[in-house]
Amino acid sequence: MVIGLHLIVVTGQKKIQHLFLRAGFGETPAGILALRKFTLPELVSQLFSSSEKFRDLNYLPFPLNESQERKGASPFQVLKMILKSRQDMEELNSEWLFKMTYTPAVLREKLTFFWHNHFATSVPFAYLMQVQNNTLRRLALGPFGDLLHAIAKDPAMLLYLNNQQNKKDHPNENFAREVMELFTLGIGHYTEQDIREAARAFTGWTVNARGEYEFQKEHHDDGIKEFLGRKGNFNGEDILNILLEEKQTARFLVSKIYREYVNPTVPKERLETLSLAYYNSGYHTGELLRSIFNSDWFYDEENIGVKICSPVELIVRYKKLVDLQFKKNKTLVNLQYALGQVLFFPPNVAGWKGGTQWIDSTSLLVRLSLARYLVQGIPIGLKSRPAFEAPPDESHAETLMPATSDWGPLTNFFKDKGRLTESLPEHFIQCDPQDMNENGFAYPGAETTDEKDLIRSIVNILSMPQFQLI
Amino acid sequence: MRRRSFVKFSALASASILVPDFLKAFGNHYRELPGNGRTLVVIQLSGGNDGLNCVVPYRNDLYYKARPTLGLKREELHVLNDETGLHENLESLADLFHDGKLGILHGVGYPNPNRSHFRSTDIWQAACGENENATSGWIGRYLDAQCEGSCPRPHAAVEIDDTLSLALKGNKMKGLAFRNPQTLQQFFQNPVLRNTAESYRHSHGNPAAEYLNKTLAETYESAGYIYDHSKIFRSKRLYPQHEFGQHLKTIAELIASGSETRVYYISLSGFDTHAFQLGQQSRILKVYSEAMKSFCADLADANRFHETVILTFSEFGRRVEQNASKGTDHGAANNVFIAGGNLARSGLLNPLPDLGKLDQGDLVHSVDFRQVYATLLVKWLQADASEILNGNYPLLNFI
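Nothing here was measured: the structure is a model prediction, and the numbers come from that model.

Analysis parameters
Residues numbered from 1 in each chain as written. Chains lettered and ligands numbered in written order. Predicted model: local features only at pLDDT ≥ 70, side-chain atom pairs only at ≥ 80, totals over all residues. Helix = DSSP H or I, 4+ residues; strand = E, 2+ residues; numbered from the N terminus. Contact = placed C-beta atoms within 7 Å. Buried ≥ 20, exposed ≤ 12 C-beta atoms within 10 Å, placed from the backbone. Pairing = 2+ DSSP bridges. Domains from an automatic or database assignment. Nonpolar A, V, L, I, M, F, W, Y, C, P; charged D, E, K, R; others polar. Arc of directions from axis to C-beta. Axes fitted to C-alpha atoms, helices over the stretch in contact; angles between N-to-C directions. Parallel < 35°, antiparallel > 145°, perpendicular 65-115°, else oblique. Left-handed = near helix turned anticlockwise from the far one by under 90°. Expected span 1.5 Å × (residues − 1).

## A closer look at the overall build of chain A
On a plain count of helices and strands, chain A comes out with 20 helices and six strands. Here the analysis covers contacts within chain A between residues at least 6 apart in sequence; of these, 74% occur between residues at least 24 apart.

As structure tokens, this is what we get:
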């Protein structure tokens, strides 16, 4: 009791919750209880083995029929696809969220989500976004080089960064710039001259009318290039390999992975150690994550409950906890919009900045009110935006959010004998109780059978700012 | 007896007693902003407003040639001078124009214009270059620049909407978005939110937790401030039933009530007129114009119009030539409207765009939109524009 508040011992339960919130999207209290009979190294192994098998996101069919497949899409069909894309994207969005919630391959799914932000792309062809999403998932846990090469030839990415306009006669530098600034080295580790030379190497990399990568030799510049201190008639693949030879690429990636998986602040020495190991492993991302989850420091108090979860992570947690569902996919997308993160619509190629940038007064109020609104059946009125073509007389009523939730499994779990103690918040809140304000939270005791009290208590916990921290 | 210890939540009965103390302790923390009580209102016409059919060059054959069915005839316009007229539904703007309370700036845009709604909106809101990845907005950075020891409160910049636009997101500071002051206040009927906000104390512990708690406490305080300042002045004027009208009315009431808010932001959507443009644009311009009429009159009644500047812009103009669906496609440079009771210069502020010199069928910009922002920041809000806009843009003379 005396040691009490200042020397917090991280409990086994908290560590397991931590592991699953970071490696995946969290688990329900019942799910965590079932995991408690295993040691942490066993759980880490299980996370990896359950991510070996996985399925593609297979929602949208190939949009071209057989005859079109040979010739490719006509401009008219392309236009039709663009017009339908937003609706397709809403459905794809909902499908992916479903997958995040219910797949056993949580580790792979979370990492796919990480790569979606790293290789941030948004084009108005939902099918191509699905193709890219499957590439990210398939190569997520393997060597980063494989993923980099695949994404450099990914149709959505090539279109997004205008590489179809990158031709020998007038190069477009967009892809070459971003591949260094955002995907490998990070800003400050290359010159404008390096960008120009790399752009030449990527000339002729384009997308054909069937929506596939195509190399057009006649538009490719096969002259000698000078790039990052090397000289040769490099093609695009050579450029990517040179970027992988640079140790800075490992440092850049480890720093980003650490910030996402461990802590927004990266200790310098640890960064160097991890980067060297990552580089020497041939950029094996799965192995990097395994070493992080198997380290003691990953479970240090200073790394637990210190990250503001992203809007998508928050929604998946709600789906897992109380089976949050939306009658229309559009309202799900509107909620994501209000919270600042719509899947398949990153703000730009730099992705979502995350951290405190998720939070403004308004988005915080929506986050904190979600539990209460769900339980009380209060629809949150959220306009779909940006609405460029919305009819000016759109009535507000149509934008109210009809959502359903089921609190039964959660309350049944806690009603089960012996489970309900003063420690109710520990099932939902990760950060140090010192940081919870002393509002005097008190909870129903073990003998409580009143479901309403229980729900009210849980809702109060989910309304705390600390629930937003993972 | 069953143990039901929600006791502390009932302590919210005492919360009302705590409020004044809390506000006092918290409120002293903040500085007044420079600018002599001046207010800036920014209206974004979303979707790409066809400025060429708003300010019509009715003597120009090229205009009628490019728009055989969409071109507006002189007799349909509010004539401004011997070559220019305003759309017939922009009646209140014509009145402001003749009163010396409206300036029209032609050909506002930026180099290498982007014709995507999303991208161009970001460029305008971030005030960034066409190749930069925008992560903060110009009004947000204006708030950042006011931080000296302490920052202004969130309600220093207000957006009337469900979500906060990029424009109002700074790196340190962010503005406050709400649909109306009552619904904002209602969030705090949740006792957890209210108790957490009221018991906020600065902590050096977990920085993420500290950030959330601090944001919540500031939001609570701003929500109370805004609610209090929405009741002092009640507009009796008629605003359009359209939500834009109601939202502009909210802004009028806040300004007239003396809210210390410096910048208000509001959007009106529906300007993406690819097909059957005439009816659609007329309807929505009418909403805009009627709302503006009551808005300016409310401000004048409250003796605040001379302390207010209203900027209206759109993310791009539209193609000069009409398309096959009796509409227009995405264009580039466009006109902006600047209204206010105390403009240094009003009327047509620069020459009409040259319809004979187009770039890919679009008007070429002659004024960088960041010059407009710089002028408002320096001459109206007394801020350092070069820091906020990350560059020096020549100032204009409408203020």
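From this point on, the discussion continues.
## Some thoughts on the pairing of strand β10 (residues 334-340) of chain B
Residues and elements named next belong to chain B. Counting buried positions over the seven residues of β10 gives seven, a clear majority of the element. Covered by surrounding structure in β10 are N334, V336, I338 and G340 together with N335, F337 and A339, the residues of both alternating faces. Sheet analysis places strand β5 (residues 102-109) next to β10, joined by five bridges and oriented antiparallel. Across the sheet, residue G103 finds its bridge partner in β10, namely I338. When strand β9 (residues 308-314) meets β10, the two strands line up antiparallel, connected through four bridges. Across the sheet, the residue bridging to L311 is I338, located in β10.

## Observations regarding the sheet that holds strand β3 (residues 78-79) of chain B
Spatially, three strands are ordered β2-β4-β3 (chain B) in an open sheet, and the strand pairing comes out antiparallel. The open sheet has two edge strands with one neighbour each: β2 (55-57) and β3 of chain B.

## Considering the domain arrangement of chain B
All names here are of chain B. On domain assignment, one finds that chain B holds domain 1 (39-180 + 239-389) and domain 2 (184-229). Relative placement of domain 1 and domain 2: their C-alpha centres are 33 Å apart. Counting residues at the interface gives nine residues for domain 1, matched by eight residues for domain 2. Class assignment of the residues belonging to the side of domain 1 that touches domain 2 gives a composition of four nonpolar, four polar and one charged.

## A word on the environment of B:T261
All names here are of chain B. In this fold, T261 is placed in the loop between α10 (243-256) and β8 (263-269). With 26 C-beta atoms counted inside 10 Å, the residue T261 sits in the buried group. Separated by 106 residues in sequence, T261 and H155 have C-alpha atoms that sit 5.8 Å apart. When near neighbours in sequence (up to four residues on either side) are disregarded, T261 contacts H155, A156, A157, V158 and L254.

## Some thoughts on helix α12 (residues 236-245) of chain A
Listed in full, the buried residues belonging to α12(A) are A:G236, A:I239, A:L240, A:I242 and A:L243. Viewed end-on, α12(A) has its buried residues packed into an arc of 160 degrees, placing them on one side of the element.

## A look at the environment of B:S46
Note that B:S46 resides in strand β1 (residues 39-46). Measuring from C-alpha to C-alpha, the distance between B:S46 and B:E387 comes to 27 Å, with 341 residues separating the pair along the chain.

## Considerations on the packing of helix α10 (residues 174-184) of chain A against helix α11 (residues 192-201) of chain A
Helix-helix packing is described using two parameters, namely the angle between the two axes and the distance between the axes. All names here are of chain A. Between α10 and α11, whose axes approach to 8 Å, the crossing angle comes to 125 degrees. As summarised for this structure, α10 and α11 are arranged oblique, according to the angle between their axes. Considering how the two elements wind past one another, α10 and α11 form a crossing that is right-handed. In this structure, α10 uses A176, R177 and M180 to contact α11, whose residues at the interface are D194, I195, A198 and A199. Classifying every residue of the contact of α10 with α11 by side-chain character gives five nonpolar, no polar and two charged.

## Things to note about the pairing of β8(B)
Residue and element names in this part refer to chain B. With respect to burial, β8 is a largely interior element, seven of its seven residues being buried. Side chains V263, Y265, S267 and S269 of β8 all project onto a buried face; the interleaved residues Y264, I266 and L268 project onto the opposite face, where all are buried too. With seven bridges joining them, β1 and β8 adopt parallel strand pairing. When the bridges of β8 are listed, Q44 appears paired with S267. Direction of pairing for strand β6 (residues 157-160) relative to β8: parallel, over a ladder of three bridges. Considered in β8, the bridge of A157 is made with V263.

## Some remarks on unusual backbone geometry
Residues and elements named next belong to chain B. The residue N112 is not glycine, and still its phi comes out positive at about 45 degrees. Residue N112 is classed as exposed on the basis of its C-beta count, with 10 C-beta atoms lying within 10 Å. Even without a glycine there, the phi angle at N303 is positive, about 65 degrees. With respect to the element layout, N303 can be found in the loop between α11 (277-301) and β9. Overall, the presence of 10 C-beta atoms within 10 Å leaves N303 in the exposed class.

## As for α10(B)
Residues and elements named next belong to chain B. Between its terminal C-alpha atoms α10 stretches 20 Å, which fits the 20 Å expected from 14 residues at 1.5 Å a residue. Among the 14 residues in α10, twelve count as buried, and that is most of the element. For α10, the complete set of buried residues consists of E243, F244, G245, H247, L248, K249, T250, I251, A252, E253, L254 and I255. Phi turns positive, to about 85 degrees, at G258, one or two residues after α10.

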